[in-house]
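Residue-level listing of the chains:
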Amino acid sequence: MSEAELIESRRLHPPEGEDFWVFAYGSLMWRPGFPHKAIERALLYGYHRAFCIRSVRYRGTPERPGIVLGLARGGSCMGRALRVAAEHGREVADYLHDREMITGVYVPRWLNVRIGARGQGQLARAAAYVADAHHVEFCGGLGEEELARIIAGGTGVSGSNFDYLESTVRHLDELGISESGLHRLLRRIRREIDATG
């Protein structure tokens, strides 16, 4: 299967005539870009937020890839769930496909999330884009030193990889979502920038 065929095969199919939730764990949380009728804190079990996707367009180049967030297997992830009205279902699904599926590294899945302040509320099904560990652009499991090196050096059409990390940490803080690993990574890169400065 070609990459184009893989991408096309991974279209999100919203439930016909029903509202649905979209689970957001990165920039969709603060910059969704699609109509939604509600937004709630949500907890997803079985996946965690991780720098695990090579970026050769938005935050890097083919010659010097950057790295962006994906949902990798294991653990849990606190994010936000956005409720999409049935009448906007196809429009939102097409928008998400165009935004997320630049390559076939993501897989849209329907997963159970807990909606509520501390992820202890109602159980709901939500669409989420998870990382495909078999795709060539997947690079999960990198150590902090390697991540810092990649992020410090990556720049693509959307700006620097460092700005992406900094923006992610700032927005997570504003939403009250704690990610100590991302804070530690940001501090490390800042120290290295200051030292070489």
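Cut-off values and rules
Residues numbered from 1 in each chain as written. Predicted model: local features only at pLDDT ≥ 70, side-chain atom pairs only at ≥ 80, totals over all residues. Heavy atoms only, no water. Helix = DSSP H or I, 4+ residues; strand = E, 2+ residues; numbered from the N terminus. Rg over C-alpha atoms; globule rule 2.2 N^0.38 Å. Buried < 20%, exposed > 50% of the residue type's maximum accessible area, 1.4 Å probe, protein only. Areas by Shrake-Rupley, 256 points an atom, 1.4 Å probe, with all protein chains shown as cover. Lys, Arg positive; Asp, Glu negative; His and termini not counted. Charge placed at Lys NZ, Arg CZ, Asp CG, Glu CD. Expected span 1.5 Å × (residues − 1). Contact = heavy atoms within 4.5 Å. Axes fitted to C-alpha atoms, helices over the stretch in contact; angles between N-to-C directions. Parallel < 35°, antiparallel > 145°, perpendicular 65-115°, else oblique. Left-handed = near helix turned anticlockwise from the far one by under 90°. Nonpolar A, V, L, I, M, F, W, Y, C, P; charged D, E, K, R; others polar. Pairing = 2+ DSSP bridges. pLDDT = per-residue confidence, 0-100.

Chemist: How do you make sense of the overall build of the protein chain when you look at a structure like this?
Modeler: Scanning the protein chain for helices and strands turns up 5 helices and 7 strands. Its C-alpha radius of gyration of 17 Å places the protein chain within 12% of the 16 Å reference for a compact globule of 197 residues. Taking the principal axes of its C-alpha atoms as reference, the protein chain extends roughly 55 × 40 × 25 Å. Per-residue burial over the protein chain gives 48% buried out of 197 residues. Summed over all atoms, the accessible surface of the protein chain reaches about 10000 Å², with 48% contributed by carbon and sulfur. Averaging the locations of the 26 positively and 25 negatively charged side chains of the protein chain gives two centres separated by 5 Å.

Chemist: Whenever I open this one, helix α2 (residues 89-100) confuses me. Can you help?
Modeler: The end-to-end C-alpha separation of α2 is 16 Å, in line with the 16 Å expected for 12 residues at 1.5 Å each. For α2, the full list of buried residues reads Gly89, Val92, Ala93, Leu96, His97, Arg99 and Glu100. Against α1 (3-9), β1 (20-24), β3 (66-84), β4 (106-115) and β5 (123-131) lie the buried residues of α2.

Chemist: Just checking my understanding: could you explain the packing of helix α4 (residues 161-174) against helix α5 (residues 180-196) for this structure?
Modeler: Helix packing geometry: the angle between the two helix axes and the distance between the axes. Here α4 crosses α5 at 140°, and the two axes come no closer than 10 Å. By the angle between their directions, the pair α4 and α5 is classed as oblique. Handedness of the crossing formed by α4 with α5: left-handed. In this structure, α4 contributes Phe162, Leu165, Glu166, Thr168, Val169, Leu172 and Asp173 to the contact, and α5 contributes Leu182, His183, Leu185, Leu186, Ile189, Arg190 and Ile193. Taken together, the residues of the contact of α4 with α5 break down into 9 nonpolar, 2 polar and 3 charged.

Chemist: Looking at this structure, I do not really get the sheet that holds β3. What am I missing?
Modeler: Consider a sheet: its strands pair through backbone hydrogen bonds, and that pairing is either parallel or antiparallel. Pairing in this closed barrel of 5 strands is mixed, and the strands run β1-β3-β2-β4-β5 around the ring. Strand after strand, the sheet turns through a mean of 35° between neighbouring axes, direction not considered. Summarising the sheet, strand β2 (residues 38-55) and β3 pair through 16 bridges and their orientation is antiparallel. Bridging across to β3, Ile39 finds its partner in Leu82. Across the sheet, α4 lies against β2 and β3, angled at about 40° from β3, the strand it touches most.

Chemist: Got a minute to help me understand the confidence of the model for the protein chain in this structure?
Modeler: Here the protein chain averages 94 in pLDDT, and 97% of its residues register 70 or above. Per-residue pLDDT, averaged within each element of the protein chain, yields its smallest value for α5 (88) and its largest for β1 (98).

Chemist: Just checking my understanding: could you explain the pairing of β5 for this structure?
Modeler: The two faces of the sheet receive side chains in turn, since in a regular strand these alternate between them. Within β5, 7 of the 9 residues are buried, which leaves it mostly tucked inside the rest of the structure. Across 2 bridges, β1 lies against β5 in parallel orientation. Within β5, the position partnered with Val22 by the bridge is Ala127. Bridge count for β4 against β5 is 9 bridges, and the pairing is antiparallel. Counted as the bridge partner of Val107 is Val130 from β5.

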